[in-house]
Amino acid sequence: MESSEEDGGVPLSRMAEWRDVTPLRQDDGPNPVVPITYKEEFRETMDYFRAIYKADERSPRALRLTRRAIHLNPGNYTVWHFRRLVLEALNTDLDEELDFIQRIANSNSKNYQLWHHRRWVIERLGSNARSKELHLIKSILSLDAKNYHAWSHRQWVLQALGGWEDELDYCRQLLEQDIFNNSAWNQRYFVVTRSPFLGGLPAMRASEVRYSVEAIVVNPNNECPWRYLRGLYKDDIESLVNDREILSICLKPSQELRDAVVALWTSDTRPLDADLATAICDILEHVDSLRASYWIWRKNKLRIAA
Amino acid sequence: MATRDPLDFDVGVEVDEEGTPSPSSISPPSSPLSYLDRDRHVAFFEMLYDLMPYHYQSQEINRLTLAFFTISGLHLLQALDRVDKDRVANWVLSFQALPRSRAELKNGQFYGFHGSRTSQFHPDENGVSVHNAGHLASTYCALAILKTVGFNLLTIDKESILISMRNLQQPDGSFMPVHVGAETDLRFVYCAAAICFMLEDWSGMDREKAKDYILNCQSYDGGFGLMPGLESHGGGTYCAVASLRLMGYIEDDLLSKNATSFIVNVPLLLDWCMQRQAIDGGFQGRANKYSDTCYAFW
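From a predicted model like this one, the values you see are computed outputs, not experimental measurements. (Residues numbered from 1 in each chain as written. Chains lettered and ligands numbered in written order. Predicted model: local features only at pLDDT ≥ 70, side-chain atom pairs only at ≥ 80, totals over all residues. Heavy atoms only, no water.)

**A look at the overall build of chain A**
Condition: In DSSP terms, a helix is any run of H or I states spanning at least four residues, a strand is any run of E spanning at least two, and both are numbered starting from the N terminus. Contact between two residues is taken to exist if any of their heavy atoms lie within 4.5 Å; hydrogens are not considered. Accessibility throughout is a Shrake-Rupley quantity obtained with a 1.4 Å probe, and a residue counts as covered only by protein chains that appear here.
If you tally the helices and strands in chain A, you get 16 helices and zero strands. Residue pairs in contact within chain A that sit at least 24 positions apart in sequence constitute 62% of those at least 6 positions apart. Roughly 14,300 Å² of accessible area belongs to chain A as shown, and the carbon and sulfur atoms make up 51% of that amount.

Here you go:
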């Protein structure tokens, strides 16, 4: 069984259990470029790893060695890969492996290899692991509600193992905490369009329009609900443009709403009201001066299209 | 007339006497290099080229990527004369995973370039090289470095790379970076497209499938997530658009063409990209996040 403590600091060359192993130095060729001045502990650990890996020794001490190497270099996909081979060979308790990953994640929550490894473990544990996993991802998101890896993993868990039932409500909670969280808006769209329990976008559109309009009214300068609203009409811009409720929102003066009105005209599916659109471009050119050139270009495009 | 902010690189818009802006020919901005302390940056890259401090050991697995940034950085700063190009080329070539025979190319492994010496071993007495760790991103970096230093890519064993690269493409069109298993996302579609583009040979991938995967990554707001369903992201958007361009599905200067439709929603994409510039002038990777230098590149 793997020790839960790190092998702090003791050189492998001084450990009795490694006496029979000859460490394998890296061969960087005669004239290496960007050579790294490895610290002694790192160099030694990797030299022993090379030896064990080349010999393909899938033993408990190999497992401990991969843990040591992962602590030093959590991005090393070769070490993670070999660890998986050893875990399989030893038929190790994968729930313990989840604990190990969690400890590494505490200081490496944005590491691709770690999340992939976690996925590999969950695939083997199956749907029993589902609720614990969704719960864990929530705790990571509670520290950083926009962690891209965590969201990616969450979407994978939902699609592979299910658990959709509470997801829309989870999005609502996150948006209550921070209405500006674009990750939560994106997840909401994901759930609305893909959950097997909600009926898809057509069934959900009316209520989602109300939800996003409410958010817009509270914070008209929040880009997220505007884009979300437009996204609800993805292949049906006509309906968006003809919606009275949305039109009334747009009549209130605000930066973002002007953007949205002009965004409607990015589609060429209806005749352009050239004067209004041009006027809006003029306004935007001045109030959104960072993008002045863009609004000038948009205005000129209107003229060409008219 | 007010003096222009020196950091204003935006397209110059000429203003006529009445103050009405009119589209005009773009006046070339003053060289961006005049805003950088070029010599210090060159010195920094030269230092890394010769020796990297121990802080980089956690990036050991990505040695070739570190080399790519270093060499490419010197190249961009017009200081490539500081490196020994033959030395660089030979070192990069030593990372290639070579098959013993053509038959091995169908064994499921990827015969590209290793990213580091973590697990690259000399073939043993029987000529057996074990543990092939060829990686798509390392291969992209390797080829990019070779091209940058002027090495003739036609002289490398490109067939091994291209034939075995097909082993990495997934049914949904995405790419896995190593044959032993890893995450699949737009980054590796981009690496694959860049590899084929540099080798001038598209037999390494099914472009149609890759295109379909990319299109599935376009979010409701116009940007691209790294995988279908994920939040639109600056890096993902770059990988998507660059890949489509490299593969030939979109052309340069899309906006000046009067096409009525493109395979991606271009106006929405453009609007999303424009909105990524934050009030501090930098670019954010996602809506309502802080700006970061890398997103200016993406």
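**Notes on the overall build of chain B**
Just so we agree on the cut-off: The rule is simple: take the accessible area with a 1.4 Å probe, protein chains only, and divide by the maximum for that residue type; under 20% is buried, over 50% is exposed, in between is partly exposed.
The helix and strand tally for chain B stands at ten helices and zero strands. Element order for chain B, N to C, with α for helix and β for strand: α-α-α-α-α-α-α-α-α-α. Each of the 298 residues in chain B was classed as buried or not, and the buried ones make up 49%. Partitioning the intrachain contacts of chain B with sequence separation of at least 6 by distance along the chain shows that 60% fall at a separation of at least 24.

**Here we look at the pattern of salt bridges**
Residues and elements named next belong to chain A. Quick reminder of the rule: A pairing counts as a salt bridge when a side-chain nitrogen of Lys or Arg comes within 4 Å of a carboxyl oxygen of Asp or Glu.
Scanning all chains against the criterion turns up 37 salt bridges over all chains. A salt bridge links Asp144 to Lys110, with the shortest nitrogen-to-oxygen separation between them at 3.4 Å. Of this pair, Asp144 sits in the loop between helix 6 (130-143) and helix 7 (148-161) while Lys110 is found in the loop between helix 4 (94-105) and helix 5 (112-125), placing the two residues 34 residues apart along the sequence. The exposure class assigned to Asp144 is partly exposed, which follows from its relative accessible area of 24%.

**Things to note about the packing of helix 11 (residues 223-232) of chain A against helix 9 (residues 266-275) of chain B**
Rules: Axis geometry follows a simple rule: fit a line to the C-alpha atoms, using only the stretch in contact for helices, then measure angles between N-to-C directions, giving values from 0 to 180 degrees. Reported orientations rely on four angle classes, namely roughly parallel under 35 degrees, roughly antiparallel over 145, roughly perpendicular from 65 to 115, and oblique for the rest. Under the scheme applied here, ten amino acids are nonpolar (Ala, Val, Leu, Ile, Met, Phe, Trp, Tyr, Cys and Pro), four are charged (Asp, Glu, Lys and Arg), and all others, including Gly, are polar.
Closest axis-to-axis distance for the helix 11 of chain A/helix 9 of chain B pair is 13 Å, and the angle between their directions is 175°. Between helix 11 of chain A and helix 9 of chain B, the angle is such that the two are roughly antiparallel. Contacts between helix 11 of chain A and helix 9 of chain B pair A:Glu223, A:Arg227 and A:Arg230 from the former with B:Leu268, B:Asp271, B:Trp272 and B:Gln275 from the latter. Of the residues in the contact of helix 11 of chain A with helix 9 of chain B, the class split is two nonpolar, one polar and four charged.

**Thoughts on the interface of chain A and chain B**
Test applied: Once two parts are put together, the accessible area they lose, assessed with a 1.4 Å probe and summed over both, is termed the buried area. In protein, a polar contact means a hydrogen-donor-capable atom and an acceptor-capable atom, both N or O and within 3.5 Å, with residues adjacent in sequence counting only if both atoms are side-chain atoms; elsewhere, any N or O pair within 3.5 Å suffices.
Across the contact, 65 residues belong to chain A and 70 residues belong to chain B. Each partner contributes to the roughly 6,300 Å² buried at the junction of chain A and chain B, and carbon and sulfur atoms together form 55% of this total. Remark: the boundary between chain A and chain B carries five salt bridges. Applying the counting criterion to the chain A and chain B interface returns 34 residue pairs in polar contact (both at pLDDT 80 or more). Of all the elements in the fold, those that place two or more residues in the side of chain A that touches chain B are helix 1 (40-55), helix 3 (77-90), helix 5, helix 7, helix 9 (182-194), helix 11, helix 14 (255-264) and helix 16 (292-305) of chain A. Examining the composition of the side of chain A that touches chain B, we find that eight residues originate from one element, helix 16 of chain A, more than from any other. Grouping the constituent residues of the side of chain A that touches chain B by class yields 27 nonpolar, 21 polar and 17 charged.

**Points about helix 8 (residues 234-247) of chain B**
Residue and element names in this part refer to chain B. The following threshold applies: A helix is expected to reach a length of 1.5 Å times the quantity of its residues less one.
For helix 8, with 14 residues, the first-to-last C-alpha span of 20 Å sits near the 20 Å given by 1.5 Å per residue. Helix 8 sits mainly inside the fold: eleven of its 14 residues count as buried. Along helix 8, the residues that are buried comprise Gly234, Gly235, Gly236, Thr237, Cys239, Ala240, Ala242, Ser243, Leu244, Leu246 and Met247. In the core, the buried residues of helix 8 are packed alongside helix 6 (186-199), helix 7 (207-216), helix 9 and helix 10 (293-297). One or two positions beyond helix 8, positive phi appears at Gly248, with a value near 90°.

**Observations regarding the side chain of B:Arg117**
Following the sequence through the fold, B:Arg117 ends up in the loop between helix 3 (85-93) and helix 4 (136-148). A polar contact of 2.6 Å, which involves the side chain of B:Arg117, links it to the side chain of B:Gln120. Here B:Arg117 is in contact with A:Gln26, A:Asp27, A:Asp28, A:Gly29, A:Arg50, B:Glu60, B:Trp91, B:Ser94 and B:Phe95, once residues within four sequence places are set aside.

**Thoughts on the environment of B:Val178**
Along the chain, B:Val178 turns up in the loop between helix 5 (158-165) and helix 6. You can call B:Val178 buried: its relative accessible area is 6%. Considering only alpha carbons, one finds B:Val178 and B:Leu162, 16 residues apart in sequence, at a separation of 14 Å. Residues within four places of B:Val178 in sequence aside, it is in contact with A:Tyr77, B:Ala133, B:Gly134, B:His135 and B:Leu168.

**As for the packing of aromatic side chains**
The cut-off we apply is this: Pairing of aromatic rings covers Phe, Tyr and Trp, the last through its six-membered ring, and needs centres within 6.5 Å; plane angles under 30 degrees mean stacked, over 60 mean edge-to-face, and all others mean tilted. To sit over a ring, a charge needs its Lys NZ or Arg CZ within 6 Å of the ring centre and within 35 degrees of the ring normal.
Going through the model one piece at a time under the given rule, you end up with 24 aromatic pairs over all chains. For the pair A:Tyr294 and A:Trp295, a centre-to-centre distance of 4.8 Å together with 50° between the ring planes defines the contact as tilted. What makes A:Trp295 buried here is its relative accessible area of 2%. Through a chain of ring-to-ring contacts, three or more aromatic side chains come together here, namely B:Phe68, B:Phe69, B:Tyr140, B:Tyr190, B:Tyr238, B:Phe297 and B:Trp298. The positively charged end of A:Arg188 is found above the aromatic ring belonging to A:Tyr211, 3.6 Å away from the centroid.

**Examining the packing of helix 1 of chain A against helix 2 (residues 60-72) of chain A**
Residues and elements named next belong to chain A. Just so we agree on the cut-off: With the far helix as reference, a near helix turned anticlockwise by less than a right angle produces a left-handed crossing, and one turned clockwise produces a right-handed crossing.
Across the interface, helix 1 lies against helix 2 with an axial gap of 10 Å and an inter-helix angle of 140°. With respect to helix 2, the element helix 1 is oriented oblique. The two elements helix 1 and helix 2 meet at a crossing, and its hand is left-handed. When helix 1 is examined against helix 2, the residues Glu41, Phe42, Glu44, Thr45, Met46, Tyr48, Phe49 and Ile52 are found in contact with a partner set consisting of Ala62, Leu65, Thr66, Arg68, Ala69 and Leu72.

**Observations regarding the environment of A:Leu302**
Residues and elements named next belong to chain A. Along the chain, Leu302 turns up in helix 16. You can call Leu302 buried: its relative accessible area is 11%. For the pair Leu302 and Thr278, spaced 24 residues apart in the sequence, the C-alpha separation amounts to 7.3 Å.

**Quick word on the confidence of the model for chain B**
Residues and elements named next belong to chain B. The condition that has to hold: Per residue, pLDDT measures the predictor's confidence, with a range of 0 to 100.
Of all residues in chain B, 86% have pLDDT values of 70 or greater, and the mean over the chain is 87. Across residues 1-27, confidence stays below pLDDT 50; counting only partners more than four residues off in sequence or on other chains, it has 27 contacts. Across the interface, the model reports ipTM at 0.89; the global pTM reads 0.88.

**Considerations on the state of the cysteines**
Heads up, the rule is: To count as a disulfide, a pair of cysteine sulfur atoms needs to be within 2.5 Å.
Enumeration over the complete set of coordinates arrives at zero disulfides over all chains. A disulfide-free cysteine, A:Cys171 has its sulfur positioned 13 Å from the sulfur of A:Cys224, the nearest such atom. Note on B:Cys196: no disulfide assigned, nearest cysteine sulfur contributed by B:Cys191 at a separation of 11 Å. The class for B:Cys196 is buried, based on a relative accessible area of 0%.

**Some details on the side chain of B:Gln284**
Take B:Gln284: it is sitting in the loop between helix 9 and helix 10. Owing to a relative accessible area of 10%, B:Gln284 belongs among the buried residues under this scheme. A distance of 2.6 Å separates a polar atom in the side chain of B:Gln284 from a polar atom in the side chain of B:Arg276. At 2.8 Å, the side chain of B:Gln284 forms a polar contact with the backbone oxygen of B:Lys289. Residues within four places of B:Gln284 in sequence aside, it is in contact with A:Glu223, B:Gln275, B:Arg276, B:Lys289, B:Tyr290, B:Ser291 and B:Tyr295.

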